[in-house]
Amino acid sequence: MSASRVLAAPVILGASGLVGGAFLAALRARGAAVRGTYRTQPGPGLDPLDLAGEGAAYLDSVAPSLVILTSALTHVDYCESHPEETHERNVRQLEPIVAWCGRAGVPLVFFSTDYLFDGREGPYDEDTAPHPLNVYGRSKLEGEALVRALGRHAVLRITNVFDIGFDVKNFLIRCLDHLRQRKPLIVPGDQLATPTYATWLAAETLDLLARGAIAAPGTPGVLHLGCDEMISRVDFATRVAAILGADASIVEGKPTAELHQAAPRPLMGGLRNDRLKRLLGVAAIRFDDALADLTPRLREAYRA
Ligand SMILES: NC(=O)c1ccc[n+]([C@@H]2O[C@H](COP(=O)([O-])OP(=O)(O)OC[C@H]3O[C@@H](n4cnc5c(N)ncnc54)[C@H](OP(=O)(O)O)[C@@H]3O)[C@@H](O)[C@H]2O)c1
């Protein structure tokens with residue numbers, strides 16, 4: 001299949017979520033004949049699909065040119081106490097989808113995480129050996145292994161994804177909620193990462209797919225995509241408050257050791273963008289540039 005054909009009729013499995021929603025919006029804006037699915041959160045034009053059921057039959061009926069697989073169990077602390085369900089939803093349910101893509105010769109884009117790493121020496125490049133600390137990270141590593149056995153695939157590792165308008169639970173939305181209501185926002189001060197701006201992720205990924213630079217023979221199978229800066233959640237929330245002229249004193253950083261999160265977290269996580277920049281010629285985005293791009297939507301959401 002030629003690179004230009006790949007984006008003709010894509011399907012997003014998990015289009016009601018944060019990442020899937022950003023891809024759906026970007027593909028619709030490009031005029032692609034995109035289909036998307038939801039499990040519990042319906043949206044305009046989305047098809048119901050639970051991957052516990054007939055994922056392969058759905059793909060037969062849609063006959064997509066590309067599968068964008070964003071579906072996952074993503075609640076990291078819930079995963080820690082539900083390892084069987086996590087394995088079922090983040091690994092076993094992928095098997096028929098991966099097999100379908102292999103049979104049909106359709107490329108698959110899959111999303112993974114910096115939680116593959118132990119957080120001793122981030123930000124990490126694609127060649128670093130994974131060492132996940134928690135159930136969620138181990139399940140994503142197993143999911144990657146399934147996808148990486150396919151001929152045409154791209155595993156895109158992302159972290160602390162943020163945006164407005166696609167979901168109700170990402171950290172930026174939480175910041176807005178606390179700043180608006182002047183509620184204390186207690187966050188880990190010692191967990192650093194390179195947050196991924198979903199709108200940027202979707203735009204750059206679609207450009208890479210359109211020029212055959214990923215998910216095609218001879219292209220990198222794994223790619224890291226994050227902002228070009230390591231920041232903590234305290235930095236994140238404080239910079240959002242500054243843009244809004246809101247009271248940043250509600251933001252309080254505490255050591256991870258005092259927060260008693262159910263799943264162990266990597267402290268120095270994050271993803272290096274060198275492969276993206278040097279090999280694929282994509283300009284990485286700084287966190288402040290992402291916030292600048294978001295500012296009109298940020299102000300509107302803050303006032304709402
Ligand atoms: N968000 C982050 O910070 C982050 C960081 C690193 C990696 N990732 C990875 O990026 C991908 C997307 O994450 P996200 O934040 O967009 O997740 P999300 O907002 O939780 O969305 C998950 C999507 O998957 C659907 N889904 C979940 N279980 C399903 C099932 N069994 N069958 C069918 N659909 C199912 C959900 O449908 P309903 O909502 O309709 O139920 C939703 O559309 C995941 O693979 C995640 O591991 C995310």
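Given the structure is predicted, the values throughout are model-derived calculations rather than measurements.

Analysis parameters
- Residues numbered from 1 in each chain as written.
- Predicted model: local features only at pLDDT ≥ 70, side-chain atom pairs only at ≥ 80, totals over all residues.
- Heavy atoms only, no water.
- Core = buried A, V, L, I, M, F, W, Y, C linked by side-chain atoms within 4.5 Å.
- Buried < 20%, exposed > 50% of the residue type's maximum accessible area, 1.4 Å probe, protein only.
- Contact = heavy atoms within 4.5 Å.
- Helix = DSSP H or I, 4+ residues; strand = E, 2+ residues; numbered from the N terminus.
- Arc of directions from axis to C-beta.
- Salt bridge = Lys/Arg side-chain N within 4 Å of Asp/Glu carboxyl O.
- Pairing = 2+ DSSP bridges.
- Axes fitted to C-alpha atoms, helices over the stretch in contact; angles between N-to-C directions.

1. Quick notes on the nonpolar core
Soluble globular proteins: nonpolar side chains tend toward being buried together. Judged by nonpolar contacts, the single largest core of 67 residues is most densely connected at Phe23, Phe111, Phe162, Leu209 and Phe236. Sequence-distant contacts of Phe23, that is, excluding residues within four places in its chain, are made with Ile12, Ile68, Phe111, Leu201, Ala202, Thr205 and Leu206. Within the second largest apolar cluster, 22 residues are counted, among which are Leu13, Ala56, Leu59 and Leu150.

2. Some words on helix 6 (residues 95-104)
Of all the residues in helix 6, the buried ones are Ile97, Val98, Trp100 and Cys101. Across the axial projection of helix 6, the buried residues extend over an arc of 160°, all falling on one side. Contacts from the buried residues of helix 6 go to strand 1 (10-13), helix 3 (55-62), strand 4 (66-69), strand 5 (108-113) and helix 7 (135-148). Positive phi appears at Gly105, one or two residues downstream of helix 6, with a value of about 65°.

3. What about the pattern of salt bridges?
Scanning the model with the defined rule gives 18 salt bridges in all. Residue Arg239 is joined to Glu229 by a salt bridge in which the shortest nitrogen-to-oxygen separation is 2.9 Å. Remark: Glu229 occurs in the loop between strand 9 (222-224) and strand 10 (231-232) and Arg239 occurs in helix 10 (residues 233-244); sequence separation between them is ten residues. For Arg239, a relative accessible area of 23% puts it in the partly exposed group. Glu229 sits in the partly exposed class, given a relative accessible area of 24%.

4. Description of the sheet that holds strand 9
The seven strands are arranged 3-2-1-4-5-6-9 in an open sheet whose pairing can be described as parallel. The sheet is open, and its two borders are formed by strand 3 (47-48) and strand 9, each paired with just one other strand. Pairing of strand 4 with strand 5, which is carried by three bridges, proceeds in the parallel orientation. Bridging across to strand 5, Ile68 finds its partner in Val109. On top of the sheet, helix 3 reaches strand 1, strand 2 (35-38), strand 3 and strand 4; it is set at about 155° to strand 1, its chief contact.

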